Amino acid sequence: MTFSGVLFLIATSTVLAGSVTIKTLVFPGESSNTYVEMVPQKPLNLRAFTLCMRVATELAGEREIILFAYRTRDFDELNVWRELDGRLAFYLSGEGVFFKAPELGPLETHLCFTWDSSSGAATLFMDGRRSSTKIYKKGHAVRTGGKVILGQDPDSYFGEFDANQSFVGEICDVNMWDSVLSDSTIRDMSSMKRVPRGNVFDWESTELKVNGNVEVVNREL
């Protein structure tokens, strides 16, 4: 079903005949007004995080793609991108940290990004495989007071979207913790084993506010 306007829903998982069914967001085409707002379970006052998601897109190498955006009134506090050259990156209020990795494509990929302010350690996990560690924004803190959206990059507070940066494809299982998870936990998550759910965003219970042409479909993991 296609939803226009704003729809409120819960990304609830159910167990059917031994399988897990979750809601998946499908963004069928470029748009400047299609997005999904995620309502956090707690304020995003973060000195560490693990952010994970499952994504698939056919925009391989064509342009940059926004994967996750958290913006306050004055800053892009935490944005995750697939860059034009295929690298994956996240940005904390300024310059980003970049990871060379196999390009995202139409086959689903599990991604996790971790960061710890005390050491500055930043890593990428792709399908459970860990990148080398980068040192980034040591001593920084992610601030509260913003909104998190999937599908668009807001150039102002919740506005000024650019269709040429919009996400096109499928995204689901977006979870976030206010700590750095162990490598083994992230590997388990990638292989679809049960792990402790996110305490900032838990895809099984997170409230989603859908705006525009987004297909919300149920799928089995």
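Our subject is the structure listed above.
Rules and cut-offs
Every chain is numbered independently, its residues counted from 1 as its sequence is written. Since the coordinates come from a predicted model, pLDDT governs what is reported: local features require at least 70, and pairs of side-chain atoms require 80 or more to be given and counted, while whole-chain, interface and lining totals use all residues. As a rule here, side-chain values come from all non-hydrogen atoms in the structure, and water together with hydrogens is ignored. Partly exposed describes any residue whose relative accessible area lies between the buried limit of under 20% and the exposed limit of over 50%, with all areas from a 1.4 Å probe on protein chains only and scaled to the type maximum. Working definition: helices are DSSP H or I runs of at least four residues, strands are E runs of at least two. Numbering for both runs from the N terminus. Read the arc as the range of directions from the helix axis to the C-beta atoms. By definition in these notes, contact holds between two residues if any of their heavy atoms fall within 4.5 Å. Here a salt bridge means any side-chain nitrogen of Lys or Arg lying within 4 Å of a carboxyl oxygen belonging to Asp or Glu. Here, the term nonpolar core denotes a set of buried Ala, Val, Leu, Ile, Met, Phe, Trp, Tyr and Cys residues that are joined through side-chain atoms within 4.5 Å. Under the rule applied, a polar contact is a pair of N or O atoms within 3.5 Å (in protein, one hydrogen donor and one hydrogen acceptor; residues adjacent in sequence only if both atoms are side-chain atoms). Cysteine sulfur pairs qualify as disulfides if the two atoms are within 2.5 Å.

Next up on the list: helix α1 (residues 183-190). Of all the residues in α1, the buried ones are I186, M189 and S190. Around the axis of α1, the buried residues are gathered within 100 degrees of arc, so they sit on the same side. Looking at the buried positions of α1, the neighbouring elements they touch are β6 (48-56), β11 (109-116), β12 (121-126) and β16 (169-177). Backbone geometry just after α1 places M192 at a positive phi near 70 degrees.

For the rest of this paragraph, the subject is the pattern of salt bridges. For the structure shown, the criterion picks out 15 salt bridges. R219 serves as the salt-bridge partner of E170, at 3.7 Å between the closest nitrogen and oxygen. Residue E170 is located in strand β16, and its partner R219 is located in strand β18 (residues 214-220); the two are separated by 49 residues in the primary sequence. On the accessibility criterion, E170 (26% relative accessible area) is partly exposed. Measuring nitrogen to oxygen at the nearest pair gives 3.1 Å for the salt bridge that ties D202 to R197. Overall, the relative accessible area of 9% leaves D202 in the buried class. Given the relative accessible area of 25%, R197 is considered partly exposed. Because the salt bridges share partners, they merge into one network encompassing R54, D173, R194, R197, D202 and E204.

On to the nonpolar core, then. Ranked by size, the top nonpolar core spans 47 residues in total, and within it L25, F49, F68, F90, L111 and M176 carry the most contacts. Apart from residues no more than four positions distant in its own chain, F49 is found in contact with L78, F90, L92, F113, T114, W115, M176, W177, D178, S179 and V180.

Moving on, we come to the environment of T206. Here T206 lies in the loop between α1 and β17 (207-211). Taking the C-alpha atoms as reference points, T206 and P40, separated by 166 residues in sequence, lie 7.0 Å from one another. Only 2.7 Å separates the side chain of T206 from the backbone oxygen of D202, close enough to count as a polar contact.

With that out of the way, let us pick up the state of the cysteines. All chains considered together, the criterion is met by one disulfide. Through a disulfide, C52 is tied to C112; the S-S separation comes to 2.0 Å. On the S-S bond that ties C52 to C112, the torsion sits near 115 degrees, and the link is right-handed. Separated by 60 residues along the polypeptide, C52 in strand β6 and C112 in strand β11 bring together distant segments of the chain. Taken as a pair, C52 and C112 share a single burial class, namely buried.

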